[in-house]
Amino acid sequence: MPRNDEFLYRLRAANPIESVMGGYVNLIRRGRNYVCNCPFHSEKTPSCTVFIDSDPHFYCFGCGAGGDVITFIMKIENLDFSEAVKLLAQRSGLELPQDSYGDSRLAQRKTRIYEMNRIAANFFYTNLVKGADKSGLQYFMERKLTPQTIKKYGLGYASDSWDELTKLLRSKGYSDDEITDAWLGSRSKKNDHVYDIFRKRVMFPIVDLRGNIIGFGGRVLDSSVPKYLNTGATPVFDKGSNLFSMNFAKNADVKRLILCEGYMDVIAVNQAGFDNVVATLGTAITPDQARLISHYAEEVVVAYDSDGAGQKATQKAINHFADVGVRTKIIHMEGAKDPDEYIKKFGANRFRILLDSSNDATDFMLDKCEEGLDLKTELGKVEFLKRASRVLAGIESPLEREVYISRTSKKCDISVQVLKAHIDTMLRKNRSAERKSQWKNITTSVAYRRDAINPASEKLRKEARAEESMICYLLRHPEDARQIAEEAPPEIFVTDFNRRVYSAMLDKMMFGEKFSLAQLNGEFSPDEMGRISGIEARNREFSINREAFTDCADVLRKNKKTSTSDGDLSGDDLRELFKSKKK
Ligand SMILES: [Zn+2]
């Protein structure tokens, strides 16, 4: 792909990293820079920094993600380099230079799938409203959906035909391989014919945050199985990281999201006037989805079915949301099994009241502790207190914890001091266990975790550190590039990855004008860009002078001569590493 550094420079200037990232995460000002909860791993306290300087970029000290604004878009939108460049150009109204950023093969494949999905959605919709078989339309009408809602969600119907859609797609120039790639058709094992996957089902198109149709959910109208059939994994669809109706919910002006169990619930709630409602795509909620929700909401109201499966799923959701710092509330629907039924029975206003009066997750968990126990008996009380103590010790806010401790002690008729003392002991134990596991994480992650990006650095720790310092020196003194290339050519580097970085930087500095880390983008993968940003971020506080640079180069030359290095780490080494990591 031809690169156009001048255009990329303008693209970055037109898309300041803080304004682009601000659309996905909540940025908090810290001096000149910003910090935020990392969008790439679950956390409650911010460890991702956005550095605003001559070379704006982000780096997460927790998971090592990092890079410039293009890397950020590649990672968060799951795009390749040229797709990310296009998206940013679109966002800022810049025209792409001709003949550059041609689509990669994967990008082309994705575009074809989006097109096929759009054709399929139109086909299903026309089928629903104009087709001879009215059973789909009847189903939606019985569920009291208005024509406007049907249109808004692009609902459709896949008739009982074997290959109507496949034939339509073929007639528009798509090959059988492409049709199966999009998960719209499947190849019969018997005769190799391609037939439609979705048949005799009402269809729910699944739309991503940018308005692309990425897949479908199809529901049968009779009792055949599976009741719901969802698009399988394709290059554009991953059921674990998308949410149904998030394309509408992201624009809602409240910081609260309603999480329902099924597509019909979402549509019914949306039709009743709530845009801020989503559902998972036929699976329990994943950490990825909880993280996505945390970008848009501070509070989630879980409105799952009141049956056993729904309650189990609720507990799971509470845990995932706690991990990303989103407050969870649980709705209790008296007299209805799901939100769809509730709204039909009692109306939208009652549902709004229900939302506002929904219970805290803690109440829900404490209620669960009571299940199967008789609190009138001593035995029941003891077992209940055992279970409840775990919930109480898990409450983060001390004030909230006090309130619940006092309520629980009253419930079991025991002294509040005794219960409080018990919870305090548990908290101390939990904290020390947490500290231990943190220390373990640090030691394993720094020293023993396999390093996929620069595997050689595991054995050649000292040398890798020296190389990183040299890379940082070069970053800060691009004007010395020519001299440095002579004094310490890339060949003296001992780890492959660092050599690649150093050599690419020298190339760019000697033959380009102004160097920025971002210029390495495209040549290095998003994960590798994260590592490069990490090298920069970790060495930010240390100033490396020319003398130190020469010392580092000597370390490498010495290694080249002896070609041995002590790979074992002493306790002192670890402590030193830990110290430098904390800085
Ligand atoms: Zn992270």
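A.B. asks: Lay out the overall build of the protein chain with the relevant residues and their values.
C.D. replies: In terms of regular secondary structure, the protein chain is built from 24 helices and 16 strands. Taking all 583 residues of the protein chain together, 39% fall into the buried category. Pairs at least 24 residues apart make up 64% of the contacts formed inside the protein chain by residues separated by at least 6 positions.

A.B. asks: Could you give an account of the domain arrangement of the protein chain, with specific residues and numbers?
C.D. replies: Split into domains, the protein chain comes out as domain 1 (5-92), domain 2 (107-230), domain 3 (252-366), domain 4 (372-445) and domain 5 (455-582). Distance between the C-alpha centres of domain 1 and domain 2: 36 Å.

A.B. asks: Quick one: what's the story with the pairing of strand E4 (residues 57-60), residue by residue and with numbers?
C.D. replies: Successive residues of a regular strand alternate their side chains across the two faces of the sheet. Here E4 shows a buried face lined by His57 and Tyr59 and a second buried face lined by Phe58 and Cys60. Pairing between strand E3 (residues 48-51) and E4: four bridges, direction antiparallel. Across the sheet, residue Val50 finds its bridge partner in E4, namely Phe58. Between E3 and E4, which pair antiparallel one after the other, the connecting turn spans five residues.

A.B. asks: I'd like a description of the packing of helix H16 (residues 378-393) against helix H17 (residues 398-412), backed by residues and values.
C.D. replies: Interhelical geometry of H16 versus H17 gives an angle of 175° and a closest axis separation of 11 Å. Here H16 is positioned roughly antiparallel relative to H17, judged by the angle of their axes. Where H16 abuts H17, its residues Lys381, Phe384, Leu385, Ala388 and Leu392 lie against Arg401, Tyr404, Ile405, Thr408 and Cys412. Split into classes, the residues belonging to the contact of H16 with H17 amount to seven nonpolar, one polar and two charged.

A.B. asks: Before we move on, can you summarise the pairing of strand E9 (residues 201-207) with the specific residues and values?
C.D. replies: Of all seven residues in E9, seven are buried; the element is thus mostly enclosed. Note that strand E6 (residues 156-158) and E9 share three bridges and pair antiparallel. Residue pairing for E9: Ala158 is matched across the bridge by Arg201. Examined bridge by bridge, E9 and strand E10 (residues 213-220) share seven bridges and lie antiparallel to one another. By the bridge assignment for E10, Met203 is matched with Gly218.

Definitions and limits used
Residues numbered from 1 in each chain as written. Predicted model: local features only at pLDDT ≥ 70, side-chain atom pairs only at ≥ 80, totals over all residues. Helix = DSSP H or I, 4+ residues; strand = E, 2+ residues; numbered from the N terminus. Buried ≥ 20, exposed ≤ 12 C-beta atoms within 10 Å, placed from the backbone. Contact = placed C-beta atoms within 7 Å. Domains from an automatic or database assignment. Pairing = 2+ DSSP bridges. Axes fitted to C-alpha atoms, helices over the stretch in contact; angles between N-to-C directions. Parallel < 35°, antiparallel > 145°, perpendicular 65-115°, else oblique. Nonpolar A, V, L, I, M, F, W, Y, C, P; charged D, E, K, R; others polar.

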